[in-house]
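What follows is each chain in one-letter form.
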Amino acid sequence: MVTATQEVNYQEAKSYADSVYKTVLKRNPNEPLFHQAVKEILDSLVPVLAKHPKYIKNNILERMVEPERAVFFRVPWVDDNGDIQVNRGFRIQFNSAIGPYKGGLRFHPSVDASTIKFLGFEQIFKNSLTGQPIGGGKGGSDFDPKGKSDMEVMRFAQSFMTELYRHIGPDIDVPAGDIGVGGREIGYMFGQYKRIRGGNEAGVLTGKGLLYGGSLTRTEATGYGCVYFVNEMLKWKGQSFEGRTVVVSGSGNVSIYAIEKAQQLGAKVIACSDSNGYIYDEDGIDLRTVKRLKEVERKRISEYVKEHRNAIYVEDCSGIWSLPCDIALPCATQNEIDEKAAALLVENGVIAVGEGANMPSTLEAIEVFLQGNVLFGPAKAANAGGVAVSALEMSQNSMRLAWSFEEVDAKLHAIMTNIFVRSMQAAEEYGHPGNLVVGANIAGFTKVADAMIAQGVI
């Protein structure tokens, strides 16, 4: 074992990282998403491990890949026909070295242990990058809110919180929303938490309604933050969104507000999607229509073409990446861009990619972008706006204050700019100038790792 001050060579550091990854594979079989997230991080950390062997001596990687706590539970609820349904609930509390666990809840049929563990692991580094005192966690259920009545969603959310409340609190673990969990779901869960606990601990959940402790700009935060980050990348190359053609996957919260901010910055957004297919509008996406269809009427994106005759709808959402564009913002779900799609984007002239979703590009796709000299904003950096404003909501709840939209937006913009700067500096320091994947991973890691060392073996 090396000492804390003895430098090791690159190959020794890589061997150590590889050994940790092999242990992850052995201990977590059949969890490919978690494996992918861990490998992407560990491969990036080799330069910092070689330069600072204290992380090897203190077994930081072994400790970091193991969640501090994992809670799996049954969620029984009654549907509108009076039948009892049963779903699975999850909460992974991954790392609290720099603050209470923080991360969203995802309600989607695809949710399983691998999904929640990959999201929770990514959240450690994302939260660290924001500069705020929040640790990493994630949770959710394989419940699908699509097609359910408000009463069914409420009954499920209440049952879910009846178990989850035991494991969360304003200074312990503060969940938020994610795919399938918006203001409606957060409201029902918050109401049940108050019913069980008594009192009004507003800081126990973020993404709340503005009437009961929510923050202005929280709805827009992830989409806006992604565009702010990509704009910093473009500015670094003397470019901007002005006059650029943009493709945004998805049509949920992140996608809608990424479209909105890109349009405000002078871009022409020509396409967006949902899980069934995508729309292409050569005149530019009419955001008012998309907002109404998705946020108010909860309809499929295919309905857009009934009102915009020049637009077309195409089945198969993955085809959206065949459209030529200057900037691609994958804001739908994990691994939506594979190696083939990435190569097609590069061939069609894409200059920048900003990951608005969590891990939307495969490892092979990321390599294609980097080899193609595409400006690439990895999710843990570009996607951090949502959790950043969630932490600002926690601050407002603690102080019993409510900041204006402009105040929160300015703080968000500053946070995203700082993430870009810190990631670029780390990439430069460790021999990978301009590589924001390496830079973001190292910048996020070192803060958490140093806090873990300072707190001893816990």
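Under an unreviewed UniProt entry, the chain has the name Glutamate dehydrogenase and belongs to Paenibacillus albus. Comment text from UniProt for the chain, heading Sequence similarities (unreviewed entry), reads "Belongs to the Glu/Leu/Phe/Val dehydrogenases family."

Attention now moves to unusual backbone geometry. Of note, Asn 59 is a non-glycine position whose phi angle comes to about 50 degrees, a positive value. In this structure, Asn 59 sits in the loop between α3 (54-57) and α4 (60-64). For Asn 59, a relative accessible area of 30% gives the class partly exposed. For Arg 298, which is not a glycine, the phi torsion comes out positive at approximately 55 degrees.

Turning next to the nonpolar core. Grouped together as the largest cluster of nonpolar side chains are 100 residues, with contacts concentrated most on Leu 49, Met 64, Phe 121, Leu 329 and Phe 445. Beyond its immediate sequence surroundings of up to four residues, Leu 49 is in contact with Val 8, Ala 13, Tyr 16, Ala 17, Tyr 55, Ile 56 and Leu 61.

With respect to topology, five strands assemble into an open sheet ordered β1-β2-β4-β3-β5, the strand pairing being mixed. Only two strands of the sheet have a single partner each, and these edge strands are β1 (69-78) and β5 (173-177). Direction aside, neighbouring strands of the sheet carry axes that sit 20 degrees apart on average. Inspection of the sheet shows strand β3 (residues 101-107) paired to strand β4 (residues 135-141) by five bridges, in the parallel sense. By the bridge assignment, Arg 106 is partnered in β4 with Gly 140. Along the sheet, helix α6 (residues 150-164) contacts β1, β2 (84-95), β3, β4 and β5; its crossing angle with β1, the most-contacted strand, is approximately 145 degrees.

Reading the values: rules and limits
Residues numbered from 1 in each chain as written. Predicted model: local features only at pLDDT ≥ 70, side-chain atom pairs only at ≥ 80, totals over all residues. Heavy atoms only, no water. UniProt positions renumbered as here; feature names shortened; annotations may be inferred. Helix = DSSP H or I, 4+ residues; strand = E, 2+ residues; numbered from the N terminus. Buried < 20%, exposed > 50% of the residue type's maximum accessible area, 1.4 Å probe, protein only. Core = buried A, V, L, I, M, F, W, Y, C linked by side-chain atoms within 4.5 Å. Contact = heavy atoms within 4.5 Å. Pairing = 2+ DSSP bridges. Axes fitted to C-alpha atoms, helices over the stretch in contact; angles between N-to-C directions.

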